[in-house]
Amino acid sequence: MKKYLAEMIGTMVLVLMGCGSAIFNWGVGTTAQVLTVAFGFGLSVVAMAYTIGKVSGCHINPAITLGVFLSKRMSAKDAGMYMLFQVIGAIIGATILYAIVSSIDAGSASYIAKDGVFATTTGANGLQPGVSLTGGLLAEIIFTFVFVLVVLGTTSKNGAGNFAGLAIGLSLVLVHIVCIPLTGTSVNPARSIGPAIFQGGEALSQLWIFIVGPFIGAALSALVWKAVDTDKE
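Residues numbered from 1 in each chain as written. Predicted model: local features only at pLDDT ≥ 70, side-chain atom pairs only at ≥ 80, totals over all residues. Heavy atoms only, no water.

### Some points on the nonpolar core
The tendency in soluble globular proteins is for nonpolar side chains to be buried side by side.
Reasoning step 1: In this structure, Ile60, Phe118 and Phe147 are the most contacted members of the largest nonpolar core, which totals 52 residues.
Reasoning step 2: Put simply, the parts of the chain that give this core at least two residues each are helix 1 (2-23), helix 2 (31-56), helix 3 (62-70), helix 4 (76-102), helix 5 (133-154), helix 6 (164-183) and helix 9 (209-228).
Reasoning step 3: Among the elements that take part in this core, helix 1 stands out by supplying ten residues, more than any other.
Reasoning step 4: Other than its neighbours up to four places away in sequence, Phe118 contacts Ile23, Phe24, Trp26, Val101, Ile104, Ala106, Ile112 and Ala113.
Reasoning step 5: Leu127, Val131, Ile141 and Phe210 belong to the second largest nonpolar core, which has six residues in total. (Core = buried A, V, L, I, M, F, W, Y, C linked by side-chain atoms within 4.5 Å. Buried < 20%, exposed > 50% of the residue type's maximum accessible area, 1.4 Å probe, protein only. Helix = DSSP H or I, 4+ residues; strand = E, 2+ residues; numbered from the N terminus. Contact = heavy atoms within 4.5 Å.)

Right, here's the structure in full:
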């Protein structure tokens, strides 16, 4: 149970800090805002990797858990429980953010809102203007593939060792820098589910993209890593 609780706490922090960086910096409309949010998510992963990594491995992402499971590094039971507690953690994180936003007078809080309106109130994912369903799905597949491949490689027997958390966090920053203008960047079904529950509307109608895409990307990364892994040689 300790490792499941660790995953819940870690995912809560990821949503709280990552999505919070978008909410309280008025969205991702500028390069500076994109970088702020990218580092908000990436640094959250680094922080949690060195906090709960020794307890649960710090997946805090169902896509990573799927990749690890398909790589035969964990049981089906653990994989299912990890995913469940990750989603619970994401919902808790989104609940905290929603409570904070609801308590703020956006009309007078000019430093986090403009003209009394937040650019985003939950940090939910959504297809950006001009991005089709196919384009968004492909983006989530491709960038999750890259991210999970980094995770599998750096945490392998001959991987990055104590530097794995840093490498994974920085790779997530990189993924966000490129993918935010397309989908807001999910590459993590739990991270998308929590905020979408409170956002509703398009966030819920498009949620399937941010579940299906990351899972497909994770499965592909597990297949590719199996083909190139040299641990057993």
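Now that the structure is up, let's keep going.
### Considering helix 6
Reasoning step 1: Along its 20 residues, helix 6 runs 26 Å from first to last C-alpha, staying within 8% of the 28 Å computed at 1.5 Å per residue.
Reasoning step 2: The sharpest bend along helix 6 reaches about 40 degrees and sits at Ile177, with the proline Pro181 one to four residues further on.
Reasoning step 3: Looking only at helix 6, the buried set comprises Ala164, Gly165, Ile168, Gly169, Ser171, Leu172, Val173, Val175, His176, Cys179, Ile180 and Thr183.
Reasoning step 4: Those residues of helix 6 hidden inside the fold are in contact with helix 2, helix 5 and helix 9.
Reasoning step 5: One or two residues past the end of helix 6 sits Gly184, with phi positive at roughly 85 degrees. (Expected span 1.5 Å × (residues − 1). Bend = angle between axes of the 7 residues up to and from the residue.)

### Comments concerning the packing of aromatic side chains
Reasoning step 1: Using the criterion set out here, one finds three aromatic pairs in the structure.
Reasoning step 2: Taking the centre distance of 6.0 Å and the plane angle of 80 degrees together, the rings of Tyr4 and Tyr82 count as edge-to-face. One end of the pair, Tyr4, is in helix 1; the other, Tyr82, is in helix 4, and 78 residues separate them in sequence.
Reasoning step 3: On the basis of relative accessibility, which here comes to 4%, the residue Tyr82 falls in the buried class.
Reasoning step 4: One aromatic cluster is present, formed by Tyr4, Tyr82 and Phe85 through successive ring pairs. (Phe/Tyr/Trp six-rings, centres within 6.5 Å; stacked < 30°, edge-to-face > 60°.)

### Looking at a nonpolar patch on the surface
Reasoning step 1: On the surface, Leu35, Phe39, Leu43, Tyr50, Phe163, Leu166, Leu170, Leu174, Ile177 and Val178 cluster together into a nonpolar patch covering about 950 Å² of accessible area.
Reasoning step 2: Counting only elements with at least two residues in the nonpolar patch, the list comes to helix 2 and helix 6.
Reasoning step 3: Ranked by residues supplied to the nonpolar patch, first place goes to helix 6 with five residues.
Reasoning step 4: Looking at where Leu174 falls in the secondary structure, it is placed in helix 6.
Reasoning step 5: Given the relative accessible area of 54%, Leu174 is considered exposed. (Patch = residues over 30% accessible without salt bridge, like charges linked within 9 Å, V, L, I, M, F, W, Y side chains within 5 Å. Areas by Shrake-Rupley, 256 points an atom, 1.4 Å probe, with all protein chains shown as cover. Salt bridge = Lys/Arg side-chain N within 4 Å of Asp/Glu carboxyl O.)

### Examining the UniProt feature "transmembrane region" (unreviewed entry) in the protein chain
Reasoning step 1: The UniProt entry lists residues 9-28, 34-52, 81-101, 131-152, 164-187 and 207-228 under the feature "transmembrane region" (unreviewed entry), expressed in the numbering used here.
Reasoning step 2: The straight-line gap between the two end C-alpha atoms of residues 9-28 is 26 Å; of that span, 75% is helix and 0% is strand.
Reasoning step 3: Taken end to end, residues 164-187 is 83% helix and 0% strand, and its two terminal C-alpha atoms sit 18 Å from one another. (UniProt positions renumbered as here; feature names shortened; annotations may be inferred.)

### Looking at the environment of Gly40
Reasoning step 1: Inspection of the secondary structure assignment puts Gly40 in helix 2.
Reasoning step 2: You can call Gly40 buried: its relative accessible area is 14%.
Reasoning step 3: In this structure the C-alpha to C-alpha distance between Gly40 and Phe118, which are 78 residues apart in sequence, comes to 18 Å.

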